[in-house]
Structures are given as C-alpha cells and as structure tokens.
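Spelled out from the first residue to the last, the chains are:
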Amino acid sequence: MTALILHGGAGARRERDYDREVAHMQQVVEAMKSRLDAGASALDVAVEATVMLEDSGLYVAGRGASPNLAGAYELDASLMDGATRKAGAVAALQGFRNPVVAARAVMDRTPHVMLVGEGASLFALDQGLEPIGDEAAWFTRAGQGEDNHPPGTLSHGTVGCCVLDRDGRLAAATSTAGVFGKMPGRVGDTPIPGAGSWADGRVAVSATGQGEYFIRVAACAQIGWRVEAGQSLAEAGAAVIGQIGGMGGDGGLIALDRDGTIVAPFNSQGMKRAWLTPDGEIGVEVFGG
C-alpha cells in the first residue's frame, strides 16, 4: 500500500486562477506514483516531489522565492524520516537552488539537524550541491515586485509532501522562501521539525501558513502526539488548525497516516493540494473542504 499528499501553499484566493498549479501538482503526483510503484522509499519520494515543486517556479519556494526586505533570497527547508526519526533542515540558505536537497544532506552527512545562514551555504558548497548562479535568471519573481502583497503577509506558496511507501515507512518534507517582505534572518516554521514538518511511525505532516503560529503550537508534532494518544487523524488536524485560528493565525497542513488516511485541514480561503490514495486515485483541489 502506498499513498501521498502534497501542497503548494495555503492562502489561495478565489479571485486568482490556479490552473497552472493544478496541472503541475497532478504531474508531480503522477511522477511520484511511478516512483512508489517501483519501490522507492518514502523519504526519497518526499524529497523528489519537493524538488519538482521548488523547480517549477509556481510557488513561493525554490525558483518562485520572493526576496526579503534587503533584496536577498533566503530559503528554508526541512524533512523527517518517520522510520528513524532522523531529521535535516536548513534555514536562511542563500545561493543554492534546492534547499530540500541541502536539508537531506544535513540529515545524511552530518551529526546535526539544522544548519543556517552562511554555515548552510558553506556546507552546500562543500557537498557539491547545485548553485543558483544568476539570480535574476533563476528566480521567477526576480524583479517582479511583491505581487501586491504588503511586507509580512502570507507567502501563499510554501510547498510540502507526505509519503507512505509500500514498506509502511512515512516521511515528510517542507520548503519555502517565507513571508513576503520578511526581515533578513527571519525563520518561520518550515525548517523546524515539529513545527513545519513531522514524521514518525504513525503519521507524516507538512504545514503551510503563518509560521510563527505553527511554531507556537508545535503544529506538526502535535498531530503525531494526538494520534498516538488515540485521536483520529482528522480530529487531530482539525484541533491543531482550530488552535492556530483561535490565536489569529492563518494556514493549513497536510497529513497522512500509516493506514493511508489523508487529511488537509485549513482555515484560509484555499490551500493548493494534490494526493494519491492507497487505491490509486489521484486528486487535486485548491478550494473546498
């Protein structure tokens, strides 16, 4: 049995058209279905799906990143392997195209969980990861302003993926450039295991939204703890998003359990998401419950 769910960010607005994102998310799920059918691990698929989302330029992650107030592109990512509870993360990474790949390298090649800023960039260089080079040519938002979003508003484009492979292993990955017009050095929930991503033996979770609120409630880890305590995945997801909404926060999350159950609660107008069910059904949705 295999299953997968991915997201392209909460905060979708009904006045916008998301046909490109819908088509792309379906392509990603179809590609990852083939990988899972071939026996790929949950962790590999989570990373590969996130790379495809980063490279598309359609989301505020990877190529679609927006700059901070100083004009710099600082990228964040994390991932977690449920079978081992290993995690890797980078924050405020500059100069490299796939922060989720850097996060995987931190997990696999260091004794640490997170590297940040200059240290993360030096590590990525040492590991031979692919640099960006010409930022104006690489970033799809370079020189295009802030899409009329005031500083500090939701990025509406964090990406993430949760995967269950045929061996019953779970994994999650999340990647972002953060909120529009963020202060230099600002770090949200995305690169923090437990806040922006989580995977254990029961669940995998990836979050999107106003990261400060997700940090304050340990949103993704809390899903795991609630399921361990006996709540259903749907009950756990609704409770966590309810907490965030009660504090004034906006966003959503995707979650998948070892039985292949998929949930995607959110309190924003929409959340771009796509999924693969255990029976092979592929679905894509932006709005709706």
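Look up: the structure comes first, before these words.
Below is a summary of the structure that appears in this document.

Cut-offs applied
Residues numbered from 1 in each chain as written. Predicted model: local features only at pLDDT ≥ 70, side-chain atom pairs only at ≥ 80, totals over all residues. Heavy atoms only, no water. Helix = DSSP H or I, 4+ residues; strand = E, 2+ residues; numbered from the N terminus. Buried < 20%, exposed > 50% of the residue type's maximum accessible area, 1.4 Å probe, protein only. Polar contact = N/O pair within 3.5 Å; in protein donor to acceptor, adjacent residues only side chain to side chain. Contact = heavy atoms within 4.5 Å. Pairing = 2+ DSSP bridges. Axes fitted to C-alpha atoms, helices over the stretch in contact; angles between N-to-C directions.

**Brief notes about the side chain of His7**
Item 1. Relative to the assigned elements, His7 resides in strand S1 (residues 3-12).
Item 2. Residue class for His7 comes out buried when judged on its relative accessible area of 0%.
Item 3. For His7, the side chain forms a polar contact with the main-chain nitrogen of Gly9, separated by 3.3 Å.
Item 4. For His7, the side chain forms a polar contact with the main-chain oxygen of Thr158, separated by 3.2 Å.
Item 5. Once residues within four sequence positions are removed from consideration, His7 is found in contact with Leu53, Thr158, Val159, Gly160, Ser206, Ala207, Thr208, Ile254, Lys272 and Arg273.

**Details of the sheet that holds strand S12 (residues 282-285)**
Item 1. Pairing is mixed across the open sheet formed by eight strands, whose spatial order is S4-S3-S2-S6-S5-S1-S11-S12. Of all the strands in the sheet, the pair left with one neighbour each is strand S4 (114-116) and S12. The mean angle between the axes of side-by-side strands here comes to 5°, regardless of whether they run parallel or antiparallel.
Item 2. The pairing of strand S2 (residues 75-81) with strand S3 (residues 86-93) spans six bridges and is antiparallel. Bridging across to S3, Ala77 finds its partner in Val90.
Item 3. Against the sheet, helix H1 (residues 19-37) touches S1, strand S5 (159-164), strand S11 (270-276) and S12, its axis set at about 25° to S11.

**Considering the sheet that holds strand S9 (residues 251-257)**
Item 1. In space, the four strands of this open sheet follow the order S7-S8-S9-S10, with antiparallel pairing throughout. Every other strand in the sheet has two partners, leaving strand S7 (197-199) and strand S10 (262-263) as the edge strands with one partner each.
Item 2. The strands touched by helix H7 (residues 219-228) are S7, strand S8 (203-209) and S9; relative to S8, the strand with the most contacts, the crossing angle is about 145°.
Item 3. Running at roughly 160° to S9, helix H8 (residues 233-246) makes contact with S8, S9 and S10 of the sheet.

Worth remembering: the numbers are spatial, not functional.
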